[in-house]
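Single-letter residue listing:
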Amino acid sequence: MNNYLELAAPGLKGLQPYQPGKPIEELEREYGISNIIKLASNENPLGPSLLALEAIKQELDELARYPDGNGFALKQALSQKLGVEKSHITLGNGSNDILELIARAFATADNDVIFSQHAFAVYPIVTQAVNARAVVIPAKDWGHDLEAMAQAVTDRTRLVFIANPNNPTGTYLTADKLKGFIAGLPRHVIVVVDEAYFEYAHDPRMQADGYPDVTQWLGEFPNLIVTRTFSKAYGLAALRVGYSVSDPGIADLLNRVRQPFNVNHLAIVAATAALNDSQHLDKGIHLNAVGMQQLVEGFDTLGLDFIPSVGNFVCVDVGKAAATVYDALLHEGVIVRPVANYQMPQHLRVTIGLPQENERFLQALRKVLA
Ligand SMILES: *Cc1c(COP(=O)(O)O)cnc(C)c1O
């Protein structure tokens, strides 16, 4: 029998697959329970805009045809919304796709890729997949230590990944700090600011004082890439659609490595329609702010520490090995996310749900901790 690992591309030896949140159907099968709630993958509890659903229905007759490989309609809509030319936009099969394209376009075994401890799990995966060296900078107060990250830059450094706000910690960087960091980078370093939770953090109700819209800085920094997604606030995670905004020269390189039809037709039409439904977006953001308040008040009542978050999720310190609490919550029909793989063995990450889901989670947590 072949030792396939010997045959594999060099980066794969050190590669661990991404661990997704447990699907509801799997828990139903394994435990034989029903009425399960999932607060594990930072999905929008309201679901997508009705305009997006209607757009999908309209297109069901078109499924035999290839999608528009250039995603013209969606780029056009994004271009108008963001105030940037279409040539700056790259569409991805989720923003994860874009993160991977960036690594493939820019990093090799001769390069370093810098990111923070407790940062999004996809950064080490895409780095390892191209056999580049991951330089993981210890976090400061659960967030990015930008000074230490700047000090880690060398001639080998090609990429820096920054999630703002960060998943799973929910911490964020202010405009002045982040801008100072990017301005100080040498131009051979590409900085990726991952704004998967931009819509939540940007909302005044989340009180993320000084939280920047980094797309405004593209003119100033040609080495900047901003990524966003329709998976979170837009409620379209299943369809897989995200995008980046960057210098057109960078977009051109990403376009060379992407698959020709990396974003499917239903995703394109749904995302385009969703951009027109600001009312639905706002409803979800409002629900999130209220739900966040509900959860942190619940944690206070239970005497539990948590990491203040400006996303649609929050990490709570359960005061002991979180794996057992996670398991006990599963038996109560509540799926949350263990984050031991992020070096946070005492925390659980909980996605803000509907008010009744948040309440059920808090009651289950009280029960399993008693
Ligand atoms: C959820 C998430 C993404 C988005 O993933 P998609 O591929 O767009 O679904 C990107 N970055 C971070 C930090 C996330 O949490």
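Here's what I pulled together on the structure shown here. (Residues numbered from 1 in each chain as written. Predicted model: local features only at pLDDT ≥ 70, side-chain atom pairs only at ≥ 80, totals over all residues. Heavy atoms only, no water.)

Further remarks concern the overall build of the protein. When you go through the protein residue by residue, the secondary structure sums to 14 helices and 13 strands. Expected size for 370 residues packed as a compact globule is a radius of gyration near 21 Å; at 21 Å, the protein falls within 12% of this value. Overall, the protein is about 55 × 55 × 50 Å in size when its C-alpha atoms are taken along their principal axes. The 370 residues of the protein split such that 52% are buried. Restricting to contacts in the protein with at least 6 residues of sequence separation, those with at least 24 account for 74%. Total accessible area computed for the protein in this model is approximately 16800 Å², and 51% of it derives from carbon and sulfur atoms. One finds the centroid of the 30 positive side-chain charges in the protein at a distance of 3 Å from the centroid of its 40 negative side-chain charges. (Helix = DSSP H or I, 4+ residues; strand = E, 2+ residues; numbered from the N terminus. Rg over C-alpha atoms; globule rule 2.2 N^0.38 Å. Buried < 20%, exposed > 50% of the residue type's maximum accessible area, 1.4 Å probe, protein only. Contact = heavy atoms within 4.5 Å. Areas by Shrake-Rupley, 256 points an atom, 1.4 Å probe, with all protein chains shown as cover. Lys, Arg positive; Asp, Glu negative; His and termini not counted. Charge placed at Lys NZ, Arg CZ, Asp CG, Glu CD.)

Further remarks concern the site of the ligand. Neighbouring the ligand are Gly94, Ser95, Asn96, Phe120, Asn167, Asp194, Ala196, Tyr197, Thr229, Ser231, Lys232 and Arg240. Here an oxygen atom of the ligand and a backbone polar atom of Ser95 are 2.7 Å apart. Here Arg240 contributes a side-chain N or O atom positioned 2.6 Å from an oxygen atom of the ligand. Protein coverage of the free-state accessible area of the ligand, which is 390 Å², stands at 95%. By residue class, the composition of the shell around the ligand is three nonpolar, six polar and three charged. (Near = heavy atom within 4 Å. Polar contact = N/O pair within 3.5 Å; in protein donor to acceptor, adjacent residues only side chain to side chain. Nonpolar A, V, L, I, M, F, W, Y, C, P; charged D, E, K, R; others polar.)

Our next topic: unusual backbone geometry. Look at the link from Asn164 to Pro165: it is a cis peptide, with omega at -5 degrees. With respect to the element layout, Pro165 can be found in the loop between strand S5 (157-163) and helix H8 (175-183). If you check the backbone angles, Arg240 has positive phi at about 65 degrees while not being a glycine. Tracing the sequence through the fold places Arg240 in the loop between strand S7 (224-229) and strand S8 (242-246). One non-glycine residue, Gln343, lies in positive phi territory at about 60 degrees. The residue Gln343 is located in the loop between strand S12 (337-338) and strand S13 (347-351) in this model.

The next point concerns the pairing of S8. On a regular strand, each side chain points to the face opposite its neighbour's, so the side chains alternate between the two faces of the sheet. In terms of burial, S8 is largely enclosed, as five of its five residues are buried. Of the two faces of S8, the one carrying Gly242, Ser244 and Ser246 and the one carrying Tyr243 and Val245 are both buried. Note: S7 against S8, five bridges, orientation antiparallel. Paired with Arg228 across the two strands is Tyr243, which belongs to S8. (Pairing = 2+ DSSP bridges.)

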